[in-house]
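Listed below, chain by chain, are the residues.
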Amino acid sequence: MRKLTNIKPERVFYYFEEISKIPRESYNEKAISDYLVEFGKKLNLETYQDKYYNVVLRRKATPGYENAPGIVIQGHMDMVCEKDSDTTHDFKKDPIDLIVEGNRLRANKTTLGADNGIAIAMGMAILEDESIKAGEIELLATTSEEVDLNGALSLEAGVLKGKMLINLDSEDEGIVTVGSAGGTEIDILLPIEKENLTDVNLYTLSLDKLQGGHSGVEINQKRGNANKILVEVLEKLKKVANYSLVEISGGTKDNAIPRNGKIVLASTSDIKDLINNITKEVKEIYSSFEAEMSFTLEVETKKEITALASTSLDRYIKTIKEIPTGVNTWMKEYPEIVESSDNLAIVKTLENGINIIVSLRSSDPVVLKELKEKISNILKENGATFEFSAGYPEWKFRSESKLREKALEVYKKLYNKDMKVEVIHAGLECGAISQNYPNIDFISVGPNLRDVHVPSEYLEIDSTERVYNYVVELINSLN
C-alpha cells in the first residue's frame, strides 16, 4: 500500500517512495543503481553504468531543440543510515518506513534518505515528463557521496555531454549554491597498554540523544560532541575516584557530529553515586542547547577484565582534549560563512589501540593544509600514528556563470523574490565532478531539508513542490 499519495509533485514522491524501498547505504548501492538502469531502459533512454555503480541516463533532445544546451540533473543515490537505539530496523534489507506529518515527510526512527534520494526522484520525474521541451537531459546518479565522494571523483571524462549541471543536493529553498568546501579525513591510532584486573565492578555509561547533525552544515551551531563530552566525564571522575577504562566508543559517521557514545569503566570500589553526580553536573553544563541529553548507567561485577593502563587513559584524555572540533576559521569575504572546520567524529577501542577519526573541511586549500599541520603536531606529541585520506576537492566560485544568472532570473520571475547566492562549508560533488569536467557550468539548489544524517531528518513537502517546479522552469528557459 502506497503512503505518499495525493502529494504533489505526485511523480516525484512516487519515485521517492520506490527508492525508499531499496537499501542504499554507502558502498551498498548496486540494487539502487540497477533499479535506475532498468528505469532508463523502460523509457528507452541511453543508459550508462560504470564499475562504481554510477549511472547516467540520457534523454534525447526534444525535436526542434537539438541545438539547445545539454542539461545534467545530478544527485547521489546513497544515504546516511542512522537509527534510534530502540528500533530493530535493518538498513541492509528493510525499506524506509515513511511517515507524513502535515507538511513534513520523515521516517520512523531512522534517517529519511531525502539526502539525496529526493534529487534522484526529481531527476526521474523530469526524464519521463514529455511536456518539458529542452535539449538533451541527463540524470547523473553517483555513489558513496556520504563517505568519500568516490563515485563523483571516479566518473570518467567524456561520459557526460551536457554543458550545464544542476546539482540537487542543497538543503535550503531560495538559495543557489555556487561553491563548496574541500576536505580530508585523519585516521588515527593511539597506542595503549593494558592491565588485567580481578573482582571489579563494571560500569557501562551510555550517552544518547544529543542533537548531532551534518558536520559541515551544522558545525557552526551549538551542538555537543559525544566524544568530547565523555572525556569531560572521564576527567572529572579521575579527580574523585580510582577506575580503569575498559572500552570507549562514540560516533558512527565521519560526516556527522557524534550524538551518542559509551564508556565502560572498572573499579574495585563502588563509584556508582560518583558517576551519577558527575553526569548530572555535565548535563547541567550543556542544558541550554542539549536539553535532551541522556546518560544511562548499568552496573555488573566481573571476576576478570582487561583494561587500559593508567598512562594510556591519561594519554587518551589529553589527546581528545587537545584535538579541536568545530569552526577553525571564517571566510574573510563572507564573515558569516565557515571557511574551515574539523569534526572529532568517531572513537572506538581496538585490540592494539584507540581508533580516532577526524574529518576536516576548508574552502581554501592553504587553510586546510595549516589545519592538517596543527592536528598532526598534536598527534605526534601524544605518540599517535595517523594517515590522511585522499580527500575531495573544493568547488571554486566562478565569477562568470550563465547558468547562475539564469537561475536567479527564473526564480525572481517565478516567485517574485531574490534568490540568495551562497558558498557553503559542506562538501558537494560539483567540485569532484569538475576535476574531469572543468568546463561544465555548475549550480546547486534543493528543497528545505532539516536534521540530515540523524533520525529526526525531515523534508518539507510544499518546498519540494516549489523547487521541482522551479527546476522544470529553469530547464525550459535554457533553450
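Just above, that's the structure.
Residues numbered from 1 in each chain as written. Predicted model: local features only at pLDDT ≥ 70, side-chain atom pairs only at ≥ 80, totals over all residues. Heavy atoms only, no water.

**Structural notes on the overall build of the chain**
Heads up, the rule is: Counting from the N terminus, the helices are DSSP H or I runs at least four residues long and the strands are E runs at least two residues long. Whether a residue is buried, partly exposed or exposed follows from its accessible area with a 1.4 Å probe, protein chains only, as a fraction of its type maximum: under 20%, in between, or over 50%, in that order. Residue contacts follow a heavy-atom distance rule, with two residues in contact if any of their heavy atoms lie within 4.5 Å. To be clear on the numbers: accessible area is Shrake-Rupley with a 1.4 Å probe, and residue cover counts the displayed protein chains and nothing else.
Tallying secondary structure elements over the chain gives 11 helices and 21 strands in all. Taken along its principal axes, the extent of the C-alpha atoms in the chain is 80 × 50 × 40 Å. Here the chain holds 479 residues, and the buried ones make up 57% of them. For the chain, contacts bridging at least 24 residues in sequence account for 79% of all contacts bridging at least 6. Accessible surface for the chain amounts to roughly 20,900 Å². Of this, 46% is attributable to carbon and sulfur atoms.

**Overview of the environment of L313**
Topologically, L313 is positioned in helix 7 (residues 310-322). For the pair L313 and A31, spaced 282 residues apart in the sequence, the C-alpha separation amounts to 44 Å.

**So, the packing of helix 5 (residues 226-238) against helix 6 (residues 272-286)**
Worth spelling out the cut-off: Angles run from 0 to 180 degrees between N-to-C directions of axes, and those axes are lines fitted to C-alpha atoms, restricted for helices to the stretch in contact. An angle below 35 degrees is read as roughly parallel, one above 145 as roughly antiparallel, one from 65 to 115 as roughly perpendicular, and any other as oblique. By convention, the crossing between two helices is left-handed when the near helix turns anticlockwise from the far helix through less than a right angle, and right-handed when the turn is clockwise. The residue classification treats Ala, Val, Leu, Ile, Met, Phe, Trp, Tyr, Cys and Pro as nonpolar and Asp, Glu, Lys and Arg as charged. All others, Gly included, are polar.
Running from N to C, helix 5 and helix 6 point in directions that differ by 135°, and their axes come no closer than 10 Å. If you check the angle between helix 5 and helix 6, you find them oblique. In the packing of helix 5 onto helix 6, the handedness of the crossing is right-handed. Across the interface between the two elements, I229, E232, V233, K236 and L237 from helix 5 touch L274, I275, I278, E281, V282, I285 and Y286 from helix 6. Looking at the contact of helix 5 with helix 6, its residues break down into nine nonpolar, no polar and three charged.

**A look at the pattern of salt bridges**
Heads up, the condition is: Salt bridges, as used here, are contacts in which a Lys or Arg side-chain nitrogen is within 4 Å of a carboxyl oxygen on Asp or Glu.
Under the definition given, this model contains 27 salt bridges. Of the charged contacts in the structure, one is a salt bridge between D86 and K109, with a shortest N-O distance of 3.0 Å. Of this pair, D86 sits in the loop between strand 3 (71-76) and strand 4 (98-101) while K109 is found in the loop between strand 5 (104-107) and helix 3 (114-128), placing the two residues 23 residues apart along the sequence. Relative accessible area serves as the criterion here: at 34%, K109 is assigned to the partly exposed category.

**Some points on helix 5**
Counted only if it meets this: Each helix should span, by expectation, one fewer than its residue count multiplied by 1.5 Å. Polar contact is the term for a pair of N or O atoms within 3.5 Å; when the atoms are in protein, one must be able to donate a hydrogen and the other to accept it, and sequence-neighboring residues count only if both atoms are side-chain atoms.
End to end, helix 5 covers 18 Å across 13 residues, agreeing with the expected 18 Å (1.5 Å per residue, within 8%). Along helix 5, the residues that are buried comprise A226, N227, K228, I229, L230, V231, V233, L234 and L237. N-capping of helix 5 is provided by N225, with a side-chain oxygen placed 2.9 Å from the backbone N of N227.

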